[in-house]
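Fold and geometry: a report
Read off the chains here:
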Amino acid sequence: MRSDKEDIKQAISTLLSNFSSFDQRIFNKKQERSILTLKSKLRSGELSIHESLDEISSISQDISIAVSSAIQATYGGKSLIPSAYSEGVEKIMHADIAIATNRLSVDLDRLSTILVKENPKNDDIRAIREEVVGLKVHEGKTKFFESMDILSRLSWSMHRINDRRTEKEKEYLGNLASYLKSMANKISDSSTTNDKSSRSLSSFVKRFDGFIEELEHTGNNEVNVDTMRDQMLYQVKMMQSSMNDFINNQNRVIREQKDIIESQQAQILSMESNVATMSKNLGIAPQEMLKDNLTGVANKRGYDLHCEQLHEKWKNKQNTGPLSMIVINVDHFEKINDIHNRDVGDLIVTWLSDVIKNLGSSYKDPFFARYEEDLFVICTEGLSPFEALSLIKRIQTYVQKNPFNSSYYQVSLSLTVSIGLAFFIDEYDAPQGVFSFAVKALNQSKRKGRNQVWISRASLISEKIGPLTAGKK
Ligand SMILES: Nc1nc2c(ncn2[C@@H]2O[C@H](COP(=O)(O)OP(=O)(O)OP(=O)(O)O)[C@@H](O)[C@H]2O)c(=O)[nH]1
């Protein structure tokens, strides 16, 4: 595109030189000066092709008028009817004006050839080119006014082409700026860091916005559009260098994260191998280490592991419905041990564990563990406060109404249990905290006379999780 422009500039410049060499009778000093100024401005790049074409059009009109005046002066002021023209022109065929006309036809030939090559699909230009070829056929005959008319029309066609070209270039620059803006936006939004390189990328969003606005207010002057293209090129280079910084930084962050993950993986591997060694030394399989020997349900280790998973779920909001912890303890267990013996106590622990497990299976089969001694914990997931309380009531009623029997030890004992309930309420709740809320509620049940259910943070549960229709506060 650049070199085509240079060709056009060159052709216009030659045309102007030939204008200057016209017979002095045709020009006055002012026209001569304006041709010289125009030429030097065009050469220095002060003037665009667009502006030069305007000037040429007006100079060629001046020249046409001057030539017609010259003819009138020569032929005694005959009126300018077509036959007078052809007669006048015929008579000055051998004068300088004829030479100038021939030069003009050569210039037109050159200019129209370049334009047809550049715009092969433009019908106007092709038609003008045919007229120029027609002019050449009549070489030797003076066709000054026709040449001037063709030059004028050629100027206007170039005008229109230039207009469309600058419009297109502006559109292209605008699209490019929008694309780069959205790219800078996306990258800085998705950045994992807020370092200098990602901030610098986000600053391009504003810069491109300014550029798009400036483009909207720029006319079709190609000198301005050239400047805008240069500015855009500069911004693209700057953005490229910011992107390089950004990519280097992101790579560094990824490398650091990879190092952390590798060291964590190594720790996990060593922990796993420790567990494997421990279980080997103890002669039990790893999963057996998470089970209570007496009841076969999860033990405290199993409970701790479950709590870790529960915490992850809670933090990432992946839990399916409300979460709660229910702690259950046999009333006066020490006395039972003392009055009967620890074996009876063991049987009671096993019996109660089965009772809780069976009743829980109708309540979405919650995780259940023997935490220690005669203390059990149920972690419910997806049970409303009302449903959790209904499960608690069923356990309590079952224990109360069904005495523990052992034919071997010949005992039948009426037992009761005390219970504490707590719910996870907000993102600050962690399993250890919720467990201690549940234990506090259990202690309250014991203090208030046993065989009771107490609920921790009951008003918050009603407000944030769901209604409680049973239980005491
Ligand atoms: N049989 C049996 N007893 C255990 C076991 N582990 C701990 N114990 C005993 O269980 C008793 C725990 O009693 P607590 O739960 O404090 O009961 P309590 O103080 O009698 O009664 P509350 O105040 O109603 O809880 C202690 O005497 C422990 O020695 C076990 O595995 N089997």
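What you see is a predicted model, and the numbers here were worked out from it, not measured in a lab. (Residues numbered from 1 in each chain as written. Predicted model: local features only at pLDDT ≥ 70, side-chain atom pairs only at ≥ 80, totals over all residues. Heavy atoms only, no water.)

Moving on to the site of the ligand. Around the ligand, the surrounding shell holds 15 residues, and the nearest of these are Glu334, Asn337, Asp346, Lys446 and Arg450. In the model, an oxygen atom of the ligand is placed 2.8 Å from a nitrogen or oxygen of the Glu334 main chain. When isolated, the ligand has an accessible area of 660 Å², and the protein chains bury 74% of it. When residues of the shell around the ligand are traced back to their parent elements, those giving at least two are β1 (323-330), α11 (333-339) and α12 (342-360). (Near = heavy atom within 4 Å. Polar contact = N/O pair within 3.5 Å; in protein donor to acceptor, adjacent residues only side chain to side chain. Areas by Shrake-Rupley, 256 points an atom, 1.4 Å probe, with all protein chains shown as cover. Helix = DSSP H or I, 4+ residues; strand = E, 2+ residues; numbered from the N terminus.)

Among the secondary structure elements, Asp429 is positioned in the loop between β6 (417-423) and α14 (431-447). By relative accessible area, Asp429 is classed as buried at 8%. At a separation of 2.6 Å, a polar atom in the side chain of Asp429 contacts the main-chain amide nitrogen of Ile425. Those residues within four positions of Asp429 in sequence are excluded, and the remaining contacts are His311, Trp314, Phe423, Phe424, Val434 and Arg457. (Buried < 20%, exposed > 50% of the residue type's maximum accessible area, 1.4 Å probe, protein only. Contact = heavy atoms within 4.5 Å.)

A complete count under the given rule lists 7 aromatic pairs for this structure. On the basis of an interplanar angle of 80° and a centroid distance of 5.4 Å, the ring pair of Tyr303 and Tyr371 is categorised as edge-to-face. Of this pair, Tyr303 sits in helix α10 (residues 300-315) while Tyr371 sits in strand β2 (residues 367-372), and the two are 68 residues apart along the sequence. Side by side, Tyr303 and Tyr371 carry an identical accessibility label, which is buried. (Phe/Tyr/Trp six-rings, centres within 6.5 Å; stacked < 30°, edge-to-face > 60°.)

To continue, consider the sheet that holds strand β3 (residues 375-381). Strands sit in the order β2-β3-β1-β6-β7 across an open sheet of 5 strands; the sheet is mixed. Among the strands making up the open sheet, the edge pair consists of β2 and β7 (453-455). Across the sheet, the mean angle from the axis of one strand to that of its neighbour is 20°, orientation sign disregarded. Bridging between β1 and β3 involves 7 bridges; their strand directions are antiparallel. Looking across to β3, one finds that Ile326 is bridged to Ile378. (Pairing = 2+ DSSP bridges. Axes fitted to C-alpha atoms, helices over the stretch in contact; angles between N-to-C directions.)

Before going further, it helps to examine the environment of Thr113. With respect to the secondary-structure elements, Thr113 resides in helix α5 (residues 96-118). Owing to a relative accessible area of 38%, Thr113 belongs among the partly exposed residues under this scheme. Considering only alpha carbons, one finds Thr113 and Arg129, 16 residues apart in sequence, at a separation of 7.2 Å. A distance of 2.5 Å separates a polar side-chain atom of Thr113 from the backbone oxygen of Asp109.

Moving on to the UniProt feature "coiled-coil region" (unreviewed entry) in the protein chain. Sequence positions flagged by UniProt for "coiled-coil region" (unreviewed entry) are, in local numbering, residues 247-274. Annotated as 100% helix and 0% strand, the span residues 247-274 places its first and last C-alpha atoms 40 Å apart. (UniProt positions renumbered as here; feature names shortened; annotations may be inferred.)

With that settled, consider the layout of surface pockets. Taking a probe equal in size to a water molecule and rolling it over the atoms shows the remaining empty space. Its boundaries defined by the atoms lining it, the largest pocket holds a volume of some 420 Å³. Around the largest pocket sit 13 residues that line it, and Met271, Val275, Leu290, Arg301 and Leu305 are the ones nearest its centre. Breaking the lining of the largest pocket down by element, the ones donating at least two residues are α9 (222-282) and α10. For the lining of the largest pocket, the element with the most residues is α10, which contributes 5 residues. Its residues assigned to classes, the lining of the largest pocket shows 7 nonpolar, 2 polar and 4 charged. (1 Å grid on protein atoms, 1.4 Å probe; cavity = no way out; pocket = protein on both sides within 12 Å on 5 of 7 lines; lining within 4 Å. Points joined across faces, edges and corners; volume = space filled by probe spheres on them. Nonpolar A, V, L, I, M, F, W, Y, C, P; charged D, E, K, R; others polar.)

A few words on the pattern of salt bridges. Within this structure, the stated rule accounts for 12 salt bridges. Among the salt bridges present, the one from Arg229 reaches Glu169, with a minimum N-O distance of 2.4 Å. Residue Arg229 is located in helix α9, and its partner Glu169 is located in helix α7 (residues 144-190); the two are separated by 60 residues in the primary sequence. Exposure remark for Arg229: the relative accessible area of 21% places this residue in the partly exposed category. Residues joined in a network through salt bridges with shared partners are Glu131, Asp149 and Arg153. (Salt bridge = Lys/Arg side-chain N within 4 Å of Asp/Glu carboxyl O.)

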